[in-house]
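Overview (structure and organization)
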Amino acid sequence: MKLGYIINEGVAGIRRSKMPFMNSVFSVTIALVLVGVGVLFVDNGLKYIGDLQADYDLEIFMQNDASSEEIQELATIISEYPGVIRMDYLSKQDAADLYSAEFGENLLTLLGENPLPSSLRVTFEENYRSSVYIQAFLQSMKQFETIDDVLFQKDLFNRIQVIMQTIYTIAAAAIFLVILVTVFLTANNLRLMILARYEFIEAIRLLGASDFMIKAPFFLEGGILGFLGGTFAVLIIVGLEQALAAFNVINLPVRILDYPEVILGTLLFGISLSALGVLKAVRRMLRFVA
Amino acid sequence: MISFENVHLRYDTGISLRDLNFFIDKDEFVYLFGPTGAGKSSILKMIYMDLFPNDGQVEIFNIGSSKVKRKEIAHIRQRIGMVFQDFKLLMDRDIYSNIALPLELRGLKPNEIRSKVVRKADEFGLRSRLNHFPHELSSGEQQMVSLARAVIDSPDILLVDEPTAHLDQESAAGVTDAIWKVHDSGTCVVFATNKVELPKREPARTISLVSGEIIIDREL
Ligand SMILES: Nc1ncnc2c1ncn2[C@@H]1O[C@H](COP(=O)(O)OP(=O)(O)OP(=O)(O)O)[C@@H](O)[C@H]1O
Ligand SMILES: [Mg+2]
């Protein structure tokens, strides 16, 4: 039944001090929107760069005299290599067709013989697209005599990696800073909210309320506050995404609605931020009055 | 029930209470009498353990001030009803909720709370005021609300601090009558006042204080 008191008081507390409560909700919302926009920005950036990178696969050219068994064997080995998600085989004929399609001449009739090698085009999974890993792969390809050459745009690949790393670092630092500042501001707002309840806390403390009974309703109130702030934040972010799409500013590849775990995370972060913030404020006040 | 042994209390501003020794039994009615600044409120604060002696020991319900735990303080306060000099009513909730608060904190069922609060309000002439807010009441009525809240959970000890200070004679008489009734129903009462008429009119044991020292402890 004490649960009844905690719930009643937690909800009534909101009604009794609407302004400070709404202030705090507002501040939590702002905090979460900033964090959410930051996360989306980085996510979209990474996705964009990831797509760019996907165009730069490895192309493995076979020796001209490689038999189809040898090619088959190599293809099996490569397709089982960890991190390879895709492998396309281009036969000599395919290569000639591509050439013809590109240059409008029939290479075979021109030369009487097809000089183009057959090849394997290899795509790596995103997590494996590091320079080091690819280098190791190239190294292990050297042992196959059927391979004539491997085409790999190493410079471009490396440059993209560096850009990505930089964006990642800067964005992470910025997001961290924003989180720090907003958490601080929110905590301050929550403290003001609790300060406005000084009389109540003082009174029930003197009426013999245990620390738990004093804190619990505020903890609940903080949770509700964080949930509201989180919900508003998600709605605002979705709204922003829709607006960007509606005005054709940019077509975001990553959207928050596609990631329920991000929405859940935002809500949980809001709830724990405010519930713990409130708890800390009350604890501080109790230490001060008692 | 209440025991003070060689109690000294120093505020940062200088010593204020010196060598207090007294014992109050469970069915007593005791005036704490003295001029302003004598130390009455400080003694009450030590009884409900909001203040601790620098020397000596205060014992309430056989729990000593020197080794009391935080949890025990809450329990002690649940058995003590307090009427504060400044009422400490909650301005943002109605009279009903103010009186009901101690019962809600104890986790009673809503219908139990309702019947107890209504009965107490009848007893103290507050029935028609239950849905009002404190600022809509006279000081006499506020004092009554504060008293009703203090005794709603049938405490073993009732502490009242200057309950007649801001009241006209008629309301003051009403409040003191109500306090005596609480005592008659078996509650230990400690009544702080600076008005000598009170112990004169309704005699009881009176602990008289002058600048932090007990000078007389007997019925006036
Ligand atoms: N928090 C405090 N800090 C410093 N000194 C205090 C504090 N509270 C009380 N005092 C001093 O202790 C002495 C006793 O104060 P107390 O409030 O107990 O007196 P009182 O008898 O209740 O007076 P009153 O009739 O005016 O309520 C006074 O000299 C007062 O100035
Ligand atoms: Mg006083």
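The structure we're discussing is the one just above.
Residues numbered from 1 in each chain as written. Chains lettered and ligands numbered in written order. Predicted model: local features only at pLDDT ≥ 70, side-chain atom pairs only at ≥ 80, totals over all residues. Heavy atoms only, no water.

The next thing to look at is the overall build of chain A. Across its full length, chain A carries 10 helices and 4 strands. The secondary structure elements of chain A, listed N-terminal to C-terminal, are α-α-β-α-β-α-α-β-α-β-α-α-α-α. Since a compact globule built from 290 residues should have a radius of gyration of about 19 Å, the 30 Å found for chain A marks it as more spread out than a globular shape. Along the longest, intermediate and shortest principal axes, the C-alpha atoms of chain A span 100 × 40 × 35 Å. Long-range pairs, those at least 24 residues apart, make up 81% of the contacts in chain A with a sequence separation of at least 6. Of the charged side chains in chain A, 21 are positive and 30 negative, and the gap between their average positions amounts to 27 Å. (Helix = DSSP H or I, 4+ residues; strand = E, 2+ residues; numbered from the N terminus. Rg over C-alpha atoms; globule rule 2.2 N^0.38 Å. Contact = heavy atoms within 4.5 Å. Lys, Arg positive; Asp, Glu negative; His and termini not counted. Charge placed at Lys NZ, Arg CZ, Asp CG, Glu CD.)

A word on the interface of chain A and chain B. Taken together, the contact between chain A and chain B spans 20 residues of the former and 23 residues of the latter. Here chain A and chain B share 3 salt bridges between them. Across the contact surface, chain A and chain B share 6 residue pairs in polar contact (both at pLDDT 80 or more). Secondary structure elements with two or more residues in the side of chain A that touches chain B: α1 (2–16), α8 (198–206) and α9 (211–246) of chain A. Sorting elements by how many residues they give to the side of chain A that touches chain B places α8 of chain A first, with 7 residues. Residue composition of the side of chain A that touches chain B, by class: 11 nonpolar, 2 polar and 7 charged. (Salt bridge = Lys/Arg side-chain N within 4 Å of Asp/Glu carboxyl O. Polar contact = N/O pair within 3.5 Å; in protein donor to acceptor, adjacent residues only side chain to side chain. Nonpolar A, V, L, I, M, F, W, Y, C, P; charged D, E, K, R; others polar.)

Residues and elements named next belong to chain B. All of the protein donors around the magnesium ion (ligand 2) are Ser41 (OG) and Gln85 (OE1); their distances to the metal are 1.9 to 2.5 Å. Placement of Ser41 in helix α1 (residues 40–47) and of Gln85 in the loop between β6 (80–83) and α3 (95–106) is noted, with a sequence separation of 44 residues between them. On the basis of relative accessible area, Gln85 is assigned to the partly exposed category, the value being 37%. (Donors = N, O, S within 2.8 Å, 3.2 Å for Na, K, Ca; no water. Buried < 20%, exposed > 50% of the residue type's maximum accessible area, 1.4 Å probe, protein only.)

Our focus in this paragraph is the site of ligand 1. All names here are of chain B. Lining the immediate environment of ligand 1, one finds 13 residues, of which Thr36, Gly37, Lys40, Ser41 and Ser42 sit closest. A distance of 3.0 Å separates an oxygen atom of ligand 1 from a polar atom in the side chain of Glu162. Bound to the protein, ligand 1 loses 62% of the 630 Å² it would expose on its own. For the shell around ligand 1, the residue count by class is 3 nonpolar, 8 polar and 2 charged. (Near = heavy atom within 4 Å. Areas by Shrake-Rupley, 256 points an atom, 1.4 Å probe, with all protein chains shown as cover.)

Now for the sheet that holds strand β3 (residues 119–124) of chain A. Residues and elements named next belong to chain A. With antiparallel pairing, the 4 strands of this open sheet are ordered in space as β2-β3-β1-β4. The sheet is open, and its two edges are formed by β2 (84–90) and β4 (147–151), each paired on a single side. Neighbour to neighbour, the strand axes of the sheet diverge by 20° on average, direction disregarded. Pairing of β2 with β3 involves 6 bridges; the strand directions are antiparallel. In the sheet register, Asp88 faces β3, and the bridge partner there is Arg121. Sheet strands touched by helix α3 (residues 68–79): β1 (58–62), β2, β3 and β4. Its angle to β2, the strand with the most contacts, is close to 160°. (Pairing = 2+ DSSP bridges. Axes fitted to C-alpha atoms, helices over the stretch in contact; angles between N-to-C directions.)

On to a nonpolar patch on the surface, then. Residues and elements named next belong to chain A. Where nonpolar side chains cluster on the molecular surface, the patch consists of Met22, Val37, Phe232, Leu235, Ile236 and Leu240 and spans about 510 Å² of accessible area. Of all the elements in the fold, those that place two or more residues in the nonpolar patch are α2 (18–54) and α9. Looking at the nonpolar patch element by element, the count peaks at 4 residues for α9. With respect to the helices and strands, Phe232 occurs in helix α9. The partly exposed category is assigned to Phe232, whose relative accessible area is 36%. (Patch = residues over 30% accessible without salt bridge, like charges linked within 9 Å, V, L, I, M, F, W, Y side chains within 5 Å.)

Throughout the structure, instances matching the rule amount to 13 aromatic pairs over all chains. Relative to Phe22 of chain B, the ring of Phe4 of chain B has its centre 4.4 Å away and its plane inclined at 15°; by these criteria the two rings are stacked. On the criterion of sequence distance, the pair formed by Phe4 of chain B in strand β1 (residues 2–11) and Phe22 of chain B in strand β2 (residues 14–24) is long-range, its members being 18 residues apart. With respect to burial, Phe4 of chain B and Phe22 of chain B carry one shared label: buried. Taking the centre distance of 6.1 Å and the plane angle of 35° together, the rings of Phe29 of chain B and Phe191 of chain B count as tilted. Of the two residues, Phe29 of chain B sits in strand β3 (residues 29–33) while Phe191 of chain B sits in strand β8 (residues 188–193), which places them 162 residues apart along the sequence. According to the relative accessible area criterion, Phe29 of chain B is buried, its value standing at 5%. By relative accessible area, which is 1% here, Phe191 of chain B ends up buried. Connected via pairs of aromatic rings, a cluster forms that spans Tyr81, Phe124, Tyr128, Tyr133 and Phe137 of chain A. One residue, Arg79 of chain B, lies across the ring of Phe61 of chain B, its end atom 3.8 Å from the ring centre. Just above the ring of Phe84 of chain B sits the side chain of Lys88 of chain B; from NZ or CZ to the centre is 5.5 Å. (Phe/Tyr/Trp six-rings, centres within 6.5 Å; stacked < 30°, edge-to-face > 60°. Lys NZ or Arg CZ within 6 Å of the ring centre and 35° of its normal.)

Just geometry here; none of it tells us what the structure is for.
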